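One-letter residues, chain by chain:
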Amino acid sequence: MQRFEQRLERLVEGSFGKAFKSGLQPVEIGRKVTRELDAHRQMGVHGVPVIPNNIGVYLSPDDFDRFESFADALARELAELVREHARDEGYQFVGSVTVHLVPDDELRVGECDVVSEIAAGTRVGSVLLSDGRRVALGEATLTIGRLPGNDVLVADPKASRKHAEIRPAGNGFMLVDLQSTNGTRVNGTNVGEHILVDGDRIAIGATEFRFEAS
């Protein structure tokens, strides 16, 4: 939530400042969203909790009009808050994260309602490489190693020729070390197999990647 508030402060410094001065505050919406996620988490495969990824934020017509000029920016920040909360709590998604702001005639100014659902979709995930490139994950296994021909080529002396794979597993992805000489680390810990969670940092030698679930 602190990171969310810091990003909102930067928004306020721009053209959105007047809308934040009174009435319903985006931070209040953020708190309601995270409480909704916690209340509707379910146990997924491999014992990893799954939380809603499709979120509707219902506002009074007046509040909706007040936020409308920067609704897209606020929805993006709320979606990032959802991903951060999932990383902090060890939650997982079964599809991409979406947040929509919706006017509701039954709500009064200052009121807010949050409705969410777990919406399964196409398996979603990507690996952010150290050079900034992003490799999308899907139904095919992603191979990682020093040998040319791997999907992700790792030019690191501690990488084995065929070092690791990322395989589809349940609603997400599993990282598998292929009995490499120097091992594969996730968030600083050596692993043989590991169900990837949004934000996991994968390290092979001095080379690091980040897994993003949405």
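Refer to the preceding data block for the structure.
Residues numbered from 1 in each chain as written. Predicted model: local features only at pLDDT ≥ 70, side-chain atom pairs only at ≥ 80, totals over all residues. Heavy atoms only, no water.

Draft legend 1. Examining the pattern of salt bridges more closely. For the coordinates displayed, the defined rule picks out 10 salt bridges. Salt-bridge contacts for Arg87 lead to Asp198; the nearest nitrogen and oxygen are separated by 2.9 Å. Note that Arg87 is positioned in helix H5 (residues 71-89) and Asp198 in the loop between strand E14 (193-195) and strand E15 (201-204), a separation of 111 residues in sequence. Judged by its relative accessible area of 32%, Arg87 falls in the partly exposed class. The class of Asp198 is buried, set by a relative accessible area of 4%. Connected via shared salt-bridge partners are Glu80, Arg83, Arg87 and Asp198. (Salt bridge = Lys/Arg side-chain N within 4 Å of Asp/Glu carboxyl O. Helix = DSSP H or I, 4+ residues; strand = E, 2+ residues; numbered from the N terminus. Buried < 20%, exposed > 50% of the residue type's maximum accessible area, 1.4 Å probe, protein only.)

Draft legend 2. Local environment of empty space enclosed by the protein. In total, this model carries one cavity of 30 Å³ or more according to the counting rule given. Its volume calculated, the largest cavity comes out at about 80 Å³. Lining the largest cavity are 13 residues, with Phe93, Val124, Asn171, Gly172 and Ala213 sitting closest to its centre. Per-class residue counts for the lining of the largest cavity are eight nonpolar, four polar and one charged. (1 Å grid on protein atoms, 1.4 Å probe; cavity = no way out; pocket = protein on both sides within 12 Å on 5 of 7 lines; lining within 4 Å. Points joined across faces, edges and corners; volume = space filled by probe spheres on them. Nonpolar A, V, L, I, M, F, W, Y, C, P; charged D, E, K, R; others polar.)

Draft legend 3. Focus on the sheet that holds strand E8 (residues 142-145). Spatial strand order, E9-E8-E10-E11-E14: five strands in an open sheet with mixed pairing. Each edge of the sheet is formed by a strand with only one pairing partner; in this case those strands are strand E9 (152-153) and E14. (Pairing = 2+ DSSP bridges.)

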